[in-house]
Amino acid sequence: SQTIHQWPATLVQPVGSPLSLECTVEGTSNPNLYWYRQAAGRGLQLLFYSVGIGQISSEVPQNLSASRPQDRQFILSSKKLLLSDSGFYLCAWSGRVGDTQYFGPGTRLTVL
Amino acid sequence: DQQVKQNSPSLSVQEGRISILNCDYTNSMFDYFLWYKKYPAEGPTFLISISSIKDKNEDGRFTVFLNKSAKHLSLHIVPSQPGDSAVYFCAASAGTASKLTFGTGTRLQVTL
């Protein structure tokens, strides 16, 4: 069966510091991968998605970037965090475009 | 522009009764709809989906109804159980689009 992992589970970072969140998927190959953010009191906003190694599509302009160095690894990064980057970050995978997406456990990021 | 709307931020239902969660959408290109359940500090869990070629899909206690002409879908949970207490998100996608557009969620509280 497929499983999706995210770490760390929680993170507290000062403004201006870098960020690296990692997501890995097991039990499938060539998944589509997604990064979402849920800000307080709001729905889930798609940040990035990837249909293959090195292929990243950005949905909204922002202070964040994503990379996919391996087939089942998806990384969310920032060079300098802003207060507005605080939120709950979720990684998801699907078997193909337009298919059901399955989510990881999430990372709670607090920028102080 | 909120293309997927969940106008009820919260709902309280007695155990054993029916819970009805509603979702409206504005984009006529959406053709695949999903419901997710989310507990605090966890990733959303996929519950049930429906394609636009159907108007009803049932899975155990969960039934999703789709009214394309009204651009409205609903999730029925019957009978409701205390463990159903969570935030429920509806989501929609269009054809082969990679993007899921989420509503802002409805918090369901099932009381004893």
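Our subject in this report is the structure included herewith. Just so you know, these numbers come straight off a predicted model, no measurement behind them.

## A word on the state of the cysteines
All chains considered together, the criterion is met by 2 disulfides over all chains. There is a disulfide in this structure between Cys-23 of chain A and Cys-91 of chain A, and the S-S distance comes to 2.0 Å. Residues Cys-23 of chain A and Cys-91 of chain A are joined by a disulfide whose S-S torsion is about -75°; by sign, that bridge is left-handed. With Cys-23 of chain A in strand E3 (residues 19–26) and Cys-91 of chain A in strand E9 (residues 87–94), the pair connects residues that are 68 residues apart, well separated along the chain. For Cys-23 of chain A, a relative accessible area of 1% gives the class buried. Across a sulfur-sulfur distance of 1.9 Å, Cys-23 of chain B and Cys-90 of chain B are joined as a disulfide pair.

## Observations regarding the interface of chain B and chain A
At the junction of the two partners, chain B supplies 20 residues and chain A supplies 21 residues. Taken together, the two surfaces of chain B and chain A that pack against each other cover about 1,500 Å², and 61% of this comes from carbon and sulfur. Summed over the shared surface of chain B and chain A, the result is 0 salt bridges. Our enumeration of links across chain B and chain A arrives at 3 residue pairs in polar contact (both at pLDDT 80 or more). Counting residues per element, the ones that place at least two in the side of chain B that touches chain A are strand E4 (32–38) and strand E9 (86–93) of chain B. Counting residues per element, the side of chain B that touches chain A draws most heavily on E4 of chain B, at 4 residues.

Rules behind the numbers
In this numbering scheme, every chain counts its residues from 1 along its sequence in written order. Ligands are numbered from 1 and chains lettered from A, in the order in which they are written. For a predicted model such as this one, the threshold for reporting local features is a pLDDT of at least 70, and the threshold for listing and counting side-chain atom pairs is 80 or more; totals across whole chains, interfaces and linings nevertheless cover every residue. To get the side-chain values, all heavy atoms of the structure are used, and hydrogens and water are removed first. Cysteine sulfur atoms that come within 2.5 Å of each other are treated as a disulfide pair. The numbering of helices and of strands both runs from the N terminus, where a helix is a DSSP run of H or I of at least 4 residues and a strand a run of E of at least 2. Per-residue accessibility, obtained with a 1.4 Å probe over protein chains only, is compared with the maximum for each type, and a residue is labelled buried under 20%, exposed over 50%, and partly exposed between these values. Two residues qualify as a contact provided that any one of their heavy atoms is within 4.5 Å of a heavy atom in the partner residue. Buried area: the accessible area, evaluated with a 1.4 Å probe, that two parts lose upon being put together, summed over both parts. Here, a salt bridge means any side-chain nitrogen of Lys or Arg that lies within 4 Å of a carboxyl oxygen of Asp or Glu. Polar contacts, as used here, are pairs of N or O atoms within 3.5 Å; protein pairs need one atom able to donate a hydrogen and one able to accept it. Residues neighboring in sequence count only if both atoms are side-chain atoms.

Taken by themselves, the reported measurements are silent on function.
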